[in-house]
Amino acid sequence: MIHIEDMRLEVPGFTLGPINLEIDEGQYFVLCGPSGSGKTSLVEWTAGFRPAQSGRLLVGGTDVTAMRPAERKLALVFQDSALFPHLSVRDNIGFSLRMAKHSPDQIRRRVDELTELLRIGHRLDALPNRISGGEARRAALARALALPKPVLLLDEPLSSVDPALHRDLRRELAQLHRHLGLTVIHITHSIAEARSLATEIGVLVSGALEQTGPTADVFERPDNAVVARALTVPNFVEGRIGPDGQSLELEQGSIPIASGRGEGKRARLFDLKLAETAGALTRDAELLGTEIDERGRPSAWVRLRESGIELEIELDETLPARDARSVHIDFSESRAEFY
Amino acid sequence: MTAKAWGMTILFALLSAFLLAFLVGPLIAVLLARPHDAFVLGMRDHELWSAIGVSFGCAAIAALLGALFGTPLAYVLARYSFRGKRLVRALINLPLVVPHPIAGIALLMVFARHRLLGSILDGRLGIEIVGAIPGVVMAMLFVSAPLVVRTVEEGIHGVSPRLEQVAESLGVGPLRAFIHVTLPNIRPAIAAGFIIGFARGISEFGSIAVIAYFPRTAPVLIWDRFSSWGLKGALPAAALLLAISLIVFLLLTVLEARTSRHDTH
């Protein structure tokens, strides 16, 4: 449905691309990347607001690279909703229909349909500065979809909303995707959004599209340390299984592993623990900190002294002493999955 | 508040009060001038009324022209980046630093009967510039346009370019996006620009006196009276013009505040 070929955009001090990307019809594709990675430039180019040094964009098989924004068959929602402040919610949603000279009757019917779908029917006569953030986002979605388009392009649609609304809108986006059979491109820096919505993701870091693929695959098997870091995938290491089959040889030094599965030069480590005392299957590490994730699970964050790699160790109730600097990492049950 | 903070507050309040008194005091002196029937004398003065008519009419036309030509220019300055933008901005502000009689002379150089544009407008099309209404309008436009452009540009900066992009993605070209989205949202800025331009036009004297001493605008008439009859002769006209100007600006400002409040709520 979407085909991006050799897209390259250069501005002083920053290069985006070359980007090659293929998104199949019906996918919910989340392009994930930290701020400054070039996400917005890519959206602006895709939508037709920004020229690039090179690159072709095909939508549904048609080359739209030279087309004006309106002709690209993309429905577009920006992060701040960008509702027209002088128009009521109803007139915002009906804008494209009015500009396309649809009859008032047609416009009313389509607006009603969309507002029912997005549950903002009660706010139709309000001006945008009188509605809540969630309503504004729903109205912006309805406006983008008023003229049916096969592709929905969302630029940080859920940024700066509170957690409860974030969850509601996430669910509504997923519903909308299913209900309307759209191909969605969703740009975000939020890993939670990528995880919960995407059928496929792409990871963009410093202007380079590092990896694309089905969501679970990418999260389970990041291609490199950059992707692992961007997606906060813990305990990604690059190394080889040792000749004895009981160790993982890193760039510097090695660590013991109890079992290894698969083949390859990259691995994810599981079942690491803290040990009270040093032993043959422990390694010394510097304790960098402890933290508690969104689900309330505590973990320690350590750097191995020998190899310098950083690991995340899930903790049971026994937190390391508050003033501890050094800890021992127990690899006696460690499991490495190579790929 | 600490003693130090009090000290600063008092100092700043005093300095501000001096400036305000300096600005407003003389105007009040004109309005309260004896004889108190200066207004009445002014009101019966047909010559003065017609001069006020010329002033207000021409200033309105000049401010409208300023908004008409100034809005696209303000848009270009606000939205596009191009080589020489700073130069363009400097050129627009030039009329603000040129002494006004020089502005009048500069306009004469172009619009006098035998000059470049004057020969076309006056000679071929029969539109008199020098010593006529169009001359007054041009002088007012020359001095007020920079202020109009500046005010409208500020308004455009307040409208996110995203809105235009959204409009384009919804199926309109850039011009229709401007008309249907940007323009309605900068209406308050255009109104403010019009008012500022209008006010500047009415207050203009120097360049008008050079390019079109007749038909006399109110400031030219007042100057005329002052130079012939002194303070006493000029006072009735000055008091009346001042009062009318204040009332008109008050009304326009209230009207503008109303429409912009209406727009944002």
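Please read all numbers here as calculations on a predicted model, not as lab measurements.

Student: Please clarify how the overall build of chain B should be interpreted in this entry.
Tutor: A count of helices and strands for chain B gives 11 helices and zero strands. Dimensions of chain B, computed from C-alpha atoms along their principal axes, come out at roughly 75 × 65 × 35 Å. Burial status across chain B gives 42% buried among its 265 residues. Put simply, of all contacts in chain B between residues at least 6 apart along the chain, 74% involve residues at least 24 apart.

Student: I tried to follow the overall build of chain A on my own but got confused; where do I start?
Tutor: Helix and strand content of chain A: nine helices and 22 strands. Along the three orthogonal principal directions, the C-alpha set of chain A runs to about 80 × 45 × 35 Å. Here chain A holds 339 residues, and the buried ones make up 48% of them. When contacts within chain A are restricted to residue pairs at least 6 apart in sequence, those whose partners lie at least 24 apart make up 64%. On chain A, roughly 16700 Å² of surface is accessible, and the fraction owed to carbon and sulfur atoms is 46%.

Student: Where do I start with the domain arrangement of chain A in this structure?
Tutor: How large an interface is tends to be reported as the accessible area lost when its parts come together. Residues and elements named next belong to chain A. Under the domain assignment, chain A is made up of domain 1 (2-230) and domain 2 (236-338). Centre-to-centre, using C-alpha coordinates, domain 1 lies 39 Å away from domain 2. Taken together, the contact between domain 1 and domain 2 spans seven residues of the former and four residues of the latter. Taking both sides of the interface into account, the surface hidden between domain 1 and domain 2 amounts to around 420 Å²; carbon and sulfur atoms contribute 54%. The residue arginine 266 makes a salt bridge to aspartate 223 at a minimum N-O spacing of 3.4 Å.

Student: What's the story with the interface of chain A and chain B in this structure? I'm lost.
Tutor: The interface is formed by 26 residues belonging to chain A together with 19 residues belonging to chain B. Note on chain A versus chain B: buried area summed over both sides is about 2000 Å², and carbon and sulfur give 61% of it. Three residues, Phe49, His86 and Met99 of chain A, lead the burial of chain A against chain B; their summed loss comes to 25% of the area buried on that side. Of the charged contacts, one joins arginine 162 of chain B and glutamate 44 of chain A as a salt bridge, the two residues approaching to 3.1 Å between their closest N and O atoms. Our count for the chain A to chain B interface comes out at five residue pairs in polar contact (both at pLDDT 80 or more). Broken down by secondary-structure element, the contributors of at least two residues to the side of chain A that touches chain B are helix H1 (39-47), strand S6 (74-77), helix H3 (95-99) and helix H5 (133-145) of chain A. With three residues, the single largest contributor to the side of chain A that touches chain B is H3 of chain A. Its residues assigned to classes, the side of chain A that touches chain B shows 15 nonpolar, four polar and seven charged.

Student: Sorry if this is basic, but what is going on with the pairing of strand S10 (residues 208-214) of chain A here?
Tutor: Both faces of the sheet carry side chains from a regular strand, because those side chains alternate between them. Residue and element names in this part refer to chain A. Across six bridges, strand S9 (residues 200-205) lies against S10 in antiparallel orientation. Bridge pairing in S10 places glutamate 200 opposite proline 214. Between S9 and S10, which pair antiparallel and follow one another directly, the connecting turn spans two residues, one of which, serine 206, has a positive phi of 50°.

Student: I tried to follow helix H9 (residues 174-203) of chain B on my own but got confused; where do I start?
Tutor: Side chains that are three or four residues apart share a direction in an α-helix, a result of its 3.6 residues per turn. Helix length check: H9 of chain B, at 30 residues, gives a terminal C-alpha distance of 38 Å against a target of 44 Å (1.5 Å per residue), a shortfall beyond 12%. The largest bend in H9 of chain B comes to about 50°, at arginine 187 of chain B, with the proline proline 188 of chain B one to four residues further on.

Student: Explain unusual backbone geometry here, please?
Tutor: For residues besides glycine, phi is generally negative; the peptide bonds are generally trans as well. All names here are of chain A. Following glycine 17, the chain continues to proline 18 via a peptide bond in cis, the omega torsion being 5°. Here proline 18 shows up in strand S2 (residues 14-23). One non-glycine residue, alanine 82, adopts positive backbone phi at about 50°. Within the secondary structure, alanine 82 is located in the loop between S6 and helix H2 (89-93).

Student: How do you make sense of the pattern of salt bridges when you look at a structure like this?
Tutor: Oppositely charged side chains are able to pair whenever their charged atoms sit close together. The final tally for this structure, using the stated rule, is 32 salt bridges over all chains. Measuring nitrogen to oxygen at the nearest pair gives 3.0 Å for the salt bridge that ties lysine 273 of chain A to glutamate 333 of chain A. With lysine 273 of chain A in strand S17 (residues 273-275) and glutamate 333 of chain A in the loop between strand S21 (326-330) and strand S22 (335-338), this pair connects stretches of sequence that are 60 residues apart. Residues arginine 225 of chain B and aspartate 45 of chain B are paired through a salt bridge, measuring 2.7 Å at the closest nitrogen-oxygen approach.

Student: Sorry, what's going on with the sheet that holds strand S19 (residues 298-304) of chain A here?
Tutor: Within a sheet, each strand pairs with its neighbour through backbone hydrogen bonds, oriented either parallel or antiparallel. Residues and elements named next belong to chain A. The strand order across the open sheet formed by five strands is S17-S21-S18-S19-S20, and the pairing between neighbours is antiparallel. Of all the strands in the sheet, the pair left with one neighbour each is S17 and strand S20 (310-314). Here the average twist between neighbouring strands, direction ignored, is 50°. When strand S18 (residues 282-292) meets S21, the two strands line up antiparallel, connected through five bridges. When the sheet's bridge partners are listed, arginine 283 is paired in S21 with isoleucine 329.

Student: Would you mind going over the sheet that holds strand S13 (residues 247-249) of chain A with me for this structure?
Tutor: Residues and elements named next belong to chain A. Spatially, S12-S13-S14 is the arrangement adopted by the three strands of the open sheet, whose pairing is antiparallel. At either end of the open sheet lies a strand with only one pairing partner, and these are strand S12 (240-241) and strand S14 (254-256). Sheet topology note: the S13/S14 ladder contains three bridges and is antiparallel. Paired with leucine 248 across the bridge in S14 is isoleucine 255.

Student: Would you mind showing me how to read the packing of helix H3 (residues 46-79) of chain B against helix H7 (residues 133-157) of chain B here?
Tutor: When two helices pack together, their arrangement is given by the angle between the helix axes and the distance between those axes. All names here are of chain B. Between H3 and H7, the shortest axis-to-axis distance is 5 Å and the interhelical angle comes to 40°. Comparing the axis directions of H3 and H7 gives the class oblique. Here H3 and H7 pass one another in a crossing that is right-handed.

Student: Would you mind showing me how to read H1 of chain A here?
Tutor: Burial runs high along H1 of chain A: eight of the nine residues are buried. For H1 of chain A, the complete set of buried residues consists of Lys39, Ser41, Leu42, Val43, Glu44, Trp45, Thr46 and Ala47 of chain A.

Student: Sorry if this is basic, but what is going on with the nonpolar core here?
Tutor: In a soluble, globular protein the nonpolar side chains are often hidden away together inside. Within the largest apolar cluster, 53 residues are counted, with the highest numbers of intra-cluster contacts made by Ile2, Phe84 and Phe95 of chain A. If near-sequence neighbours (up to four positions away) are discounted, phenylalanine 84 of chain A is found in contact with Asn92, Phe95, Pro128 and Arg143 of chain A together with Leu163, Val166, Ala167, Leu170 and Val181 of chain B.

What counts, and at which threshold
Residues numbered from 1 in each chain as written. Chains lettered and ligands numbered in written order. Predicted model: local features only at pLDDT ≥ 70, side-chain atom pairs only at ≥ 80, totals over all residues. Heavy atoms only, no water. Helix = DSSP H or I, 4+ residues; strand = E, 2+ residues; numbered from the N terminus. Buried < 20%, exposed > 50% of the residue type's maximum accessible area, 1.4 Å probe, protein only. Contact = heavy atoms within 4.5 Å. Areas by Shrake-Rupley, 256 points an atom, 1.4 Å probe, with all protein chains shown as cover. Domains from an automatic or database assignment. Buried area = accessible area lost by both parts, 1.4 Å probe. Salt bridge = Lys/Arg side-chain N within 4 Å of Asp/Glu carboxyl O. Polar contact = N/O pair within 3.5 Å; in protein donor to acceptor, adjacent residues only side chain to side chain. Nonpolar A, V, L, I, M, F, W, Y, C, P; charged D, E, K, R; others polar. Pairing = 2+ DSSP bridges. Expected span 1.5 Å × (residues − 1). Bend = angle between axes of the 7 residues up to and from the residue. Axes fitted to C-alpha atoms, helices over the stretch in contact; angles between N-to-C directions. Parallel < 35°, antiparallel > 145°, perpendicular 65-115°, else oblique. Left-handed = near helix turned anticlockwise from the far one by under 90°. Core = buried A, V, L, I, M, F, W, Y, C linked by side-chain atoms within 4.5 Å.

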